Amino acid sequence: MKFRDGERVHFIDRKGRRYPLTLCKGKVFQFSGENIHHDDIIGKEDGVTVTMSRGSKFVVLRPTLPEYILKMPRGAQVIYPKDIGIILMWGDIYPGAKVVEAGIGSGALTMALLRAVGERGAVISYEVRDDFCKRALDNIRLYLGETKNLIVRQKDINEGIGEEGVDRVILDLPEPWRVVGHAAQVLREGGIFLCYLPTVLQVSTVVKSLKEAGNFIQIETIETLLRTWHVEENSVRPDHRMVAHTGFITVARKFSNEQ
Ligand code: SAH
């Protein structure tokens, strides 16, 4: 697929360093005393090598979703790609699913959900803050273009969920226990409740609420540690640094007491 005007790309130098750029007809990208016209990149294929005015070479790549998320402008803290990957699997997000999410934050998780539910599905995202809704929509549009499968509701989800027959409720907000009752009302039987929380006290509270609600089963909490490796000829070992903690993921299935 060829690069288009208005698209986000990453310039990668010889050392693998990444420089994000939004392509814009007529503009010039300046870097370290060299430059290149955006028009020389628009229309080229993903993965092309370009030469700057003084001879430096860069590979230009369309960022993957995790790469884009880590470089995009953030209002709220985003969920890290390692956790988003787990959320998609443990939350069992499938094409055609109707997913209610809160809050939209910077839109990182939302983008992954939108791709997973596909055109036949829907993501209905609740967010209290107007400025976050705008930032997230800008981030989403820049990477995914128009998204007909997204509905944003600028509302407090603690006050209720205005949808029915929901397949999945996915929460990234500080007090998800306040949403357990609403989720129980709108989730279909067999539906999934999932929340992402940074601290154990929050996890205890939400698990207690899920148990007390009486219609959630298979309540499970997990965390994921991702360790990158340094691989050079004489030195193959884990990297010295890693992100030690992000958040816990709690999942539960909705069931019916009726026989
Ligand atoms: N998952 C997002 C980050 C969400 S940060 C991402 O990956 O980019 C948490 C967001 O929840 C914030 O934007 C906050 O404004 C919103 N929020 C907090 N409480 C809320 C509530 N009760 N209803 C709706 N949104 C809420």
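This text gives an overview of the structure that appears in the document. Just so we're clear, the structure is a prediction, and the values are computed from it rather than from any experiment. (Residues numbered from 1 in each chain as written. Predicted model: local features only at pLDDT ≥ 70, side-chain atom pairs only at ≥ 80, totals over all residues. Heavy atoms only, no water.)

## Overview of the sheet that holds strand β6 (residues 57-61)
Two modes of strand pairing occur in sheets, parallel and antiparallel, and in both the strands are linked by backbone hydrogen bonds. Taken together, the four strands give an open sheet; going across it, the order is β2-β1-β6-β5, and neighbouring strands pair in antiparallel fashion. Looking at strand neighbours, the two that pair on one side only are β2 (18-22) and β5 (48-51), the edges of this open sheet. Strand-to-strand twist across the sheet, computed as the mean angle between neighbouring axes with direction ignored, equals 35°. Bridging between strand β1 (residues 8-12) and β2 involves five bridges; their strand directions are antiparallel. Across the sheet, residue F11 finds its bridge partner in β2, namely Y19. (Pairing = 2+ DSSP bridges. Helix = DSSP H or I, 4+ residues; strand = E, 2+ residues; numbered from the N terminus. Axes fitted to C-alpha atoms, helices over the stretch in contact; angles between N-to-C directions.)

## Examining the site of the ligand
The immediate surroundings of the ligand are formed by 22 residues, with E127, F132, D156, I157 and D172 found nearest. Between the ligand and the protein, one listed contact pairs an oxygen atom with a backbone N or O atom of L109 at 3.2 Å. Within the contact set of the ligand, a nitrogen atom lies 2.8 Å away from a side-chain nitrogen or oxygen of D172. Here the ligand has 590 Å² of accessible area as a free molecule, and 88% of this is covered by the chains. Tallied by class, residues from the shell around the ligand come to 12 nonpolar, six polar and four charged. (Near = heavy atom within 4 Å. Polar contact = N/O pair within 3.5 Å; in protein donor to acceptor, adjacent residues only side chain to side chain. Areas by Shrake-Rupley, 256 points an atom, 1.4 Å probe, with all protein chains shown as cover. Nonpolar A, V, L, I, M, F, W, Y, C, P; charged D, E, K, R; others polar.)

## Examining the pairing of strand β11 (residues 187-197)
With respect to burial, β11 is a largely interior element, nine of its 11 residues being buried. When strand β10 (residues 166-171) meets β11, the two strands line up parallel, connected through five bridges. Residue pairing in the sheet places V169 in a bridge with F193 of β11. (Buried < 20%, exposed > 50% of the residue type's maximum accessible area, 1.4 Å probe, protein only.)

## Overview of the pattern of salt bridges
Following the criterion strictly, the structure yields 16 salt bridges and no others. The salt bridge partner of K134 is D130, with a shortest N-O separation of 3.1 Å. With a gap of four residues between them, K134 and D130 both fall in helix α4 (residues 130-144), about one helical turn apart. Since its relative accessible area comes to 38%, D130 is described here as partly exposed. Sharing partners across several salt bridges, the network here consists of E7, D46 and R62. (Salt bridge = Lys/Arg side-chain N within 4 Å of Asp/Glu carboxyl O.)

## A word on unusual backbone geometry
In this structure, the amide linkage connecting A102 to the following residue, G103, adopts the cis form with an omega of -20°. With respect to the helices and strands, the residue G103 is situated in the loop between β7 (98-102) and α3 (108-117). The residue S32 is not glycine, and still its phi comes out positive at about 50°. On the secondary structure map, S32 appears in the loop between β3 (28-31) and β4 (34-37). Looking at S32, the relative accessible area reads 64%, which means it is exposed. Positive phi, normally seen in glycine, also occurs at Q218, with a value near 55°. The class of Q218 is exposed, set by a relative accessible area of 58%.

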